[in-house]
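Coordinate inspection notes
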Amino acid sequence: MSPKLRVGVMISGRGSNMASILAAAEAPDCPYEVVLVASNNPEAPGLAFADERGVAVWAHDHRGMKRAEFDRLVDAAMRAANVQMIALAGYMRLLSPEFVESWAGRILNIHPSLLPKYKGLDTHARAIAAGDGEAGCSVHIVTPELDDGPVVAQTRVPILARDTPETLAERVLKEEHRLYPAALAKCAADVLRSGNPA
Ligand code: GRF
């Protein structure tokens, strides 16, 4: 079997997108494997989920540490696991420019809006308040700016008249779970094909 790209997933909480990435990795022809799930929150429910499935986990509480200092620990854990690409999945901390630069083009994030609209928090409430007809989710390459960087995949979801931020979030999340593993698989396959996976 051809080698798979080694992916590290970073989470801060629930980890439902991470779970969808793990589920897709079970397909024999999936071009990536998840070799580490890392978190800045040792209590993140997603960590226990990954651990129960035999995936290596790493956690360290970021509180009281400078951003760059904490990111150096994450970087060391990723390098020790020979990670080749990182997927942020509900990772609620901005990464230091040093970290982003050392993984340039190799970090993906999923954001629950149609980027470039509604970077940051409360995306669904903001889309509804603006009277938008549709919302959605975007997978993008991470650059030092929050929720910036080239969009690699997007799914659109109609906003219904009766939608609240919660009902909209639920429908968008279902699409996130489809979009993220597919986008990650495509990026992983591209990197493997480039012949420069390290
Ligand atoms: C998702 O909506 C994702 O788009 C955003 O944070 C949320 C994380 O949810 N970045 P989960 O932890 O993957 O369930």
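Model, not experiment: these values are computed from the prediction.

This next bit is on the site of the ligand. Near the ligand, the surroundings consist of Arg14, Gly15, Ser16, Asn17, Gly90, Ile110, His111, Pro112 and Glu176. The separation between an oxygen atom of the ligand and a polar side-chain atom of Arg14 is 2.5 Å. In the model, an oxygen atom of the ligand is placed 2.6 Å from a nitrogen or oxygen of the Glu176 side chain. Here the ligand loses 85% of its free accessible area of 360 Å² to cover by the protein chains. Assessed atom by atom at 2 Å from the grid points, the ligand resides in the largest pocket. Of all the elements in the fold, those that place two or more residues in the shell around the ligand are helix 1 (16-25) and strand 5 (107-111).

Turning our eyes to something else, we now look at helix 3 (residues 67-80). Because each turn of an α-helix spans 3.6 residues, side chains separated by three or four positions end up pointing in the same direction. Under the 1.5 Å per step criterion, the end-to-end length of helix 3 is 20 Å for 14 residues, consistent within 8% with the ideal 20 Å. Along helix 3, the residues that are buried comprise Phe70, Asp71, Val74, Asp75, Ala77 and Met78. Across the axial projection of helix 3, the buried residues extend over an arc of 160°, all falling on one side. Of the exposed residues in helix 3, those oriented more than 90 degrees away from the buried face are Arg72 and Ala80. Among the residues trailing helix 3, Asn82 stands out with phi positive, at a value near 55°.

For the rest of this paragraph, the subject is the side chain of Asp163. Here Asp163 is to be found in the loop between strand 7 (151-158) and helix 6 (165-194). Here the side chain of Asp163 touches Leu160 through a polar contact of 2.8 Å, landing on its backbone nitrogen. Within the local environment of Asp163, its side chain forms a polar contact with the side chain of Thr167, the two groups lying 2.7 Å apart. Once residues within four sequence positions are removed from consideration, Asp163 is found in contact with Ile128, Pro158, Leu168 and Arg171.

Ordered in space as 3-2-1-4-5-6-7, the seven strands form an open sheet in which the pairing is mixed. The open sheet has two free edges, formed respectively by strand 3 (57-59) and strand 7, since each of these has just one partner strand. Across this sheet, the average inter-strand angle for adjacent strands is 20°, counted without regard to direction. By the bridge criterion, seven bridges tie strand 6 (residues 134-141) to strand 7 in an arrangement that is antiparallel. When the bridges of strand 7 are listed, Glu134 appears paired with Pro158. Sitting on the sheet, helix 1 touches strand 1 (5-11), strand 2 (32-39), strand 4 (85-88) and strand 5, and the angle it makes with strand 2 is about 155°.

That bond from Leu115 to Pro116 is cis: its omega, 15°, falls within 30 degrees of zero. In this structure, Pro116 sits in the loop between strand 5 and helix 5 (123-129). Unusually for a residue other than glycine, Asn82 sits at a positive phi of about 55°. Along the chain, the position of Asn82 falls in the loop between helix 3 and strand 4.

Right, let's talk about the layout of surface pockets for a bit. Taken as a whole, the largest pocket encloses approximately 790 Å³ of empty space. Lining the largest pocket are 34 residues, and of these Gly90, Tyr91, Met92, Ile110 and Pro112 lie nearest its centre. Broken down by secondary-structure element, the contributors of at least two residues to the lining of the largest pocket are helix 1, strand 5, helix 5 and helix 6. Of the residues belonging to the lining of the largest pocket, the class tally is 15 nonpolar, 13 polar and six charged.

The next point concerns the packing of aromatic side chains. Overall, the coordinates contain two aromatic pairs when judged by the stated rule. Ring geometry for Trp58 and Phe70: centres 6.2 Å apart, planes at 50°, overall tilted. On the criterion of sequence distance, the pair formed by Trp58 in strand 3 and Phe70 in helix 3 is long-range, its members being twelve residues apart. On the accessibility criterion, Phe70 (0% relative accessible area) is buried. Directly above the ring of Phe49 sits Arg53, whose terminal nitrogen or CZ lies 3.5 Å from the centroid. Sitting over the ring of Trp103, Arg79 keeps its end group 4.0 Å from the ring centre.

Criteria and thresholds
- Residues numbered from 1 in each chain as written.
- Predicted model: local features only at pLDDT ≥ 70, side-chain atom pairs only at ≥ 80, totals over all residues.
- Heavy atoms only, no water.
- Near = heavy atom within 4 Å.
- Polar contact = N/O pair within 3.5 Å; in protein donor to acceptor, adjacent residues only side chain to side chain.
- Areas by Shrake-Rupley, 256 points an atom, 1.4 Å probe, with all protein chains shown as cover.
- 1 Å grid on protein atoms, 1.4 Å probe; cavity = no way out; pocket = protein on both sides within 12 Å on 5 of 7 lines; lining within 4 Å.
- Sits in = over half its atoms within 2 Å of the grid points.
- Helix = DSSP H or I, 4+ residues; strand = E, 2+ residues; numbered from the N terminus.
- Expected span 1.5 Å × (residues − 1).
- Buried < 20%, exposed > 50% of the residue type's maximum accessible area, 1.4 Å probe, protein only.
- Arc of directions from axis to C-beta.
- Contact = heavy atoms within 4.5 Å.
- Pairing = 2+ DSSP bridges.
- Axes fitted to C-alpha atoms, helices over the stretch in contact; angles between N-to-C directions.
- Points joined across faces, edges and corners; volume = space filled by probe spheres on them.
- Nonpolar A, V, L, I, M, F, W, Y, C, P; charged D, E, K, R; others polar.
- Phe/Tyr/Trp six-rings, centres within 6.5 Å; stacked < 30°, edge-to-face > 60°.
- Lys NZ or Arg CZ within 6 Å of the ring centre and 35° of its normal.

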